[in-house]
Amino acid sequence: MKRYQTSRPVTERSLFSWVLSSSINLQLVLLVIIVITVFARVVPLEMQKKIINEAIFLKKHELLMIYCGIYLIAVLTSTVFKYLTSVIQTILGQRALAGMRRAVYHHILTLPIHFYRKTQPGMVVSALVTELATAGDFVGMAVAIPVTNILTLLAFGAYLFWLHPLLAAVSLSIYPVVFILIPLLQARANTANKKRVDITRDLSDKIGESISGIHEIHTNGAYAIENRKFDAIVERLMKVRIVWNLYRFGVKTTNNFLNSLSPFLIFIIGGYLAINGQLALGSLVAFLSAQEKLYDPWRELLDFYQSYQDATVSYRRVMEYFDAAPEHLLEPQGRPPFDLDGGIEVKDLSFYTENGIRLLDRVSFSLEPGKHMAVVGFSGSGKSTLALCLNQLYKYQGGQVRIGGREVSELTKKDITRNMGTVSQSPFIFEGTIEENLLYSCRALQESSDDEYPVALPSLDDRIAALQQAGIFVDVLRFGLNMHLNQTDHADLVGRIIRIREAFRDEFGDKIHDLIEFFDEKTYLYHSSVMDNIVFGATDQPALSGVNLSRNNYFLAYLDAAGLTAPLSNLGAEVVTQTVDILGDLPPEAIFFEQSPLEPHEMETYTPLAERLKKMHRRQLADEDRQMLLDAALRFSPGRHKMVSLPPGLESLILSGRAQFRETVSRDYPEIFAFYDAARYIPSETILNNILFGKLKSQHPKAQEKINQSAIQLLIQDDLLETILKIGMQFQVGSKGDRLSGGQRQKLAIARIFLKAPKILIMDEATSALDNKSQARIQNLLENHWKGKSTVISIAHRLDIIKNYDYIAVMKSGKIAELGGYDELIRKKGLLHELVHGKS
């Protein structure tokens, strides 16, 4: 069974518990490496003394070579093992960080809904991504850094006392002072660091809020308001960071100063002893070297101490913030999830907020399995709160809610999700494909099941049926038709689409000839641009398409060779002159520029060019001006841009150039362009465009719908409809489903829950973003397909769709004021009558 609960919440774990839970084997290897490293760091000190006192003083070359060799081996050994220590330290740290992030994220997902009502997404992101990183890095160094440097200090200290006890005592006399001052400064740094963490969260929250509310900011032009809020937080953070860094630098500066006093004392006392012959020169050199090296482990320990303090602050802040418990058990213990019958009984249900505001006041009703109830009422009457209490998203404080005879507050999350499904007014669509979102609820059931009670995913037929029921079938089919095929993955499909292309022209060519201009190698395409007529093909290389191709040196050389540069420049000059003369004084709205290849925003650059054309010959223009004329001509489409006509003779010249372009490119770059050929698939075009093999003459929705229906008819005949639907279900919906419309998102959420087919279905204004026709479709489906199969509670915002519900509950001020059938309540002329007909 998939487990999502642990006996000990992550928020109760200490930072050092992550150190203890790391790999024992790696820790043991690390300790061995540390011991070898410490020994290798001490050996060079002794070698320095022996080189001076024995090899150099006694002038023995053999000893010099031996001692220098030992010195080099020790340095190399220390370096290699230091690197290995860093490797293991990194592995331990990153494993711990990954474990922390997983544990905290898993914990966060189980927290009650009310926790997120006061939590900004930016704060959660900051905690998981930034704040825990400090703690993870500390875990990696928690063993290596202190053990290595403490052993090094002890080894160096012992070596110093072995060399000269008096000098050693003097050298180490500064450290008691360090032990007193450093913690005092660090305590102040910790206080500032806590403020820094909190303000950084505020900053993350503010950024997240601004991005989420960017539509409102733009709509209201509230840039100054939001800038002022953000700048105030940045100012606070700047001041706190200055204080924090000053204390941290104070710690390091104090430590550096006190450590710098030690050599001063050694020079005075050691120099005096050496002058009087009481200390050998080699011993003094070795002592000074050891004393100097003593600073490195001490500095690393100090850095470790600061890292520990910073990590502790960040870790505690994260755990304190998320120190909340799930309101319900996630899964049952020792039993399978309940299969409930769908009956609902609510008695004296009450719910109030943390501030004591009562949103539900002794609500009572009962529903037999398979019955449908609509909940209506004025805004703020408690309709959605009732739905949230039923599906365990809100924990009610009073009364009873029984599903299948079992109290909701005592059921586990798995019990609820197995038997209930909800569609909210603003459903969330996850980044990924249509299919991944469609199967989301079913996959959640499958992931949480075990071998004894497995849950299978719905078949393709079931998925398609759910798409049809929710009314998103045609949208998904269009997504599929507008996808690009990978010929390697769909080699068999390519041939079938080419056959459909032939059938499409044979069967519908005459009927839709006024809507499509079919590709013909020997015919000029009046609804395509001059560029498209020349190329008569497509490429998946961005550098060789559109405006990039028009400025490509190879293409420009071809235009010269084909004799097209001059006539196209003439055409471009005519387009620019006419556009500026006719549209120059009009507002830069797209509707005015439909008859010209120039865009409204380009008038700023083309208007001065038109003035220059009046004063000088085109040959006198600058290179960029001539290129702009060429760009305008290459975008010109005679069928769309009626402001200028295609000059006589240019059409035949372009058709001749088309053949020359294909011949030239096929010779020089055979793999770049896919030229239009009725017998070949065009990889850079969509499936639909490959079927049409032509250019639409009109962008009108009715024309596109007629063409789509013709193509779909052939897909059905060729048994390809399911295949295209499968491709359409791979459409990427974008972040939060932003590549879908609001209605498509709701339809996909409805299809998702229909596919799950729960015993109880809660529709919380689930069709609010749909048009009247789509809403009626969903309502008819609920009445004809789901009645008797699933218990349905629908929070309704439209009153014309509730007539056929078994019961209507009218809510007011957190209470059910009326409950009964539609006709019964209308006859009473109470609240429902008032909602439907208004006050009489």
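Cut-offs applied
- Residues numbered from 1 in each chain as written.
- Predicted model: local features only at pLDDT ≥ 70, side-chain atom pairs only at ≥ 80, totals over all residues.
- Heavy atoms only, no water.
- Buried < 20%, exposed > 50% of the residue type's maximum accessible area, 1.4 Å probe, protein only.
- Helix = DSSP H or I, 4+ residues; strand = E, 2+ residues; numbered from the N terminus.
- Arc of directions from axis to C-beta.
- Contact = heavy atoms within 4.5 Å.
- Pairing = 2+ DSSP bridges.
- Axes fitted to C-alpha atoms, helices over the stretch in contact; angles between N-to-C directions.
- Patch = residues over 30% accessible without salt bridge, like charges linked within 9 Å, V, L, I, M, F, W, Y side chains within 5 Å.
- Areas by Shrake-Rupley, 256 points an atom, 1.4 Å probe, with all protein chains shown as cover.
- Salt bridge = Lys/Arg side-chain N within 4 Å of Asp/Glu carboxyl O.
- pLDDT = per-residue confidence, 0-100.
- Parallel < 35°, antiparallel > 145°, perpendicular 65-115°, else oblique.
- Left-handed = near helix turned anticlockwise from the far one by under 90°.
- Nonpolar A, V, L, I, M, F, W, Y, C, P; charged D, E, K, R; others polar.
- Lys, Arg positive; Asp, Glu negative; His and termini not counted.
- Charge placed at Lys NZ, Arg CZ, Asp CG, Glu CD.

Buried residues of helix H22 (residues 553–561): Phe555, Leu556, Tyr558 and Leu559, and no others. The buried residues of H22 occupy an angular sector of 155 degrees when projected down its axis, which confines them to one face. Structural note: H22 exposes Asn553, Asp560 and Ala561 on the side pointing more than 90 degrees away from its buried face. Next to the buried residues of H22 lie helix H20 (530–535), helix H21 (547–550), helix H23 (565–583), helix H25 (623–634) and helix H26 (650–668).

This part is about the sheet that holds strand S2 (residues 358–367). The 4 strands are arranged S2-S1-S4-S5 in an open sheet whose pairing can be described as antiparallel. Both outer strands of the open sheet, S2 and strand S5 (406–407), are each paired with one neighbouring strand and no more. The sheet contact formed by strand S1 (residues 344–352) and strand S4 (residues 398–403) spans 5 bridges and is antiparallel. Counterpart to valine 346 in the pairing with S4 is valine 401. Helix H13 (residues 383–390) rests against S1, S2 and S4 of the sheet, and its axis sits at about 65 degrees to S2.

Among the surface-exposed residues, Val80, Tyr83, Leu84, Val87 and Ile91 lie close enough to one another that they form a single nonpolar patch of about 410 Å² accessible area. On the basis of relative accessibility, which here comes to 30%, the residue valine 87 falls in the partly exposed class.

Per-residue pLDDT for the chain has a mean of 86; in total, 95% of the residues score no lower than 70. Note on residues 1–6: pLDDT under 50 across the span, and 17 contacts to partners over four residues away in sequence or across chains.

Taken N-terminus to C-terminus, the directions of helix H17 (residues 460–470) and helix H29 (residues 721–728) make an angle of 75 degrees; their axes are 11 Å apart at the nearest point. In terms of axis orientation, H17 runs roughly perpendicular to H29. Residue-level inspection shows Leu460, Asp461 and Ile464 of H17 in contact with H29, the latter providing Glu722, Leu725 and Lys726.

The subject of this paragraph is the packing of helix H2 (residues 24–56) against helix H6 (residues 144–163). The contact between H2 and H6 brings their axes to 9 Å, and the two run at 30 degrees. One finds that H2 runs roughly parallel with respect to H6. In the crossing of H2 with H6, the sense of the turn from one axis to the other is right-handed. Residues Leu30, Leu31, Ile34, Val38, Arg41, Val42, Leu45, Glu46 and Lys49 of H2 lie in contact with H6, whose contacting residues are Ala144, Val147, Thr148, Asn149, Leu151, Thr152, Ala155, Phe156, Tyr159, Trp162 and Leu163. Considering only residue class, the contact of H2 with H6 consists of 14 nonpolar, 3 polar and 3 charged.

A cluster of acidic residues, Asp461, Asp462, Asp719 and Glu722, forms a negative patch on the protein surface. For aspartate 719, the position within the fold is in the loop between helix H28 (701–717) and H29. Judged by relative accessible area, aspartate 719 falls into the exposed class, the value being 63%.

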